[in-house]
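Working through the structure, step by step
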Amino acid sequence: MFVHDKNVVYCDLIADHMRDSVVDRLFTWKAGSVELDLHPQHGYFQSTKKTFSVTDPNGRQYKVTVEEA
């Protein structure tokens, strides 16, 4: 059972759905994997921010970011 908890942050869910939407619906577009905001040396979470790249059919790249407001 899915429980809506006001303390839960949905950045993972939103980023995954956005990436899947690009991959599933826009077959000529390419989407990279979702990257976490990790500390560069120690690897722990710095924030709930998630990013992924998208490349359109013309080769232009975009960076998609999902983070808490």
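Anyway, here's the lowdown on the structure attached to this text. Here the structure is a predicted model, which means the values were calculated and not measured. (Residues numbered from 1 in each chain as written. Predicted model: local features only at pLDDT ≥ 70, side-chain atom pairs only at ≥ 80, totals over all residues. Heavy atoms only, no water.)

It helps to recall that an α-helix has 3.6 residues per turn; residues three or four apart then point in one direction. The end-to-end C-alpha distance of helix H1 (residues 11-25), which contains 15 residues, comes to 21 Å, matching closely the 21 Å that a straight helix rising 1.5 Å per residue would cover. For H1, the complete set of buried residues consists of Cys11, Ala15 and Val22. Along the axis of H1, the buried positions cluster into a sector of 30°, meaning they face one direction only. Exposed and facing more than 90 degrees away from the buried side of H1 are His17, Asp24 and Arg25. Contacts from the buried residues of H1 go to strand S1 (30-31), strand S3 (45-55) and strand S4 (61-66). (Helix = DSSP H or I, 4+ residues; strand = E, 2+ residues; numbered from the N terminus. Expected span 1.5 Å × (residues − 1). Buried < 20%, exposed > 50% of the residue type's maximum accessible area, 1.4 Å probe, protein only. Arc of directions from axis to C-beta. Contact = heavy atoms within 4.5 Å.)

A separate point is the pattern of salt bridges. All told, the structure shown has two salt bridges when counted by the stated rule. Put simply, Asp12 and Lys50 hold a salt bridge, and the shortest N to O gap is 3.1 Å. You can see Asp12 sitting in helix H1 and its partner Lys50 sitting in strand S3, a full 38 residues away along the chain. The class of Asp12 is partly exposed, set by a relative accessible area of 42%. Accessibility expressed as a relative area gives 4% for Lys50, which makes it buried. (Salt bridge = Lys/Arg side-chain N within 4 Å of Asp/Glu carboxyl O.)

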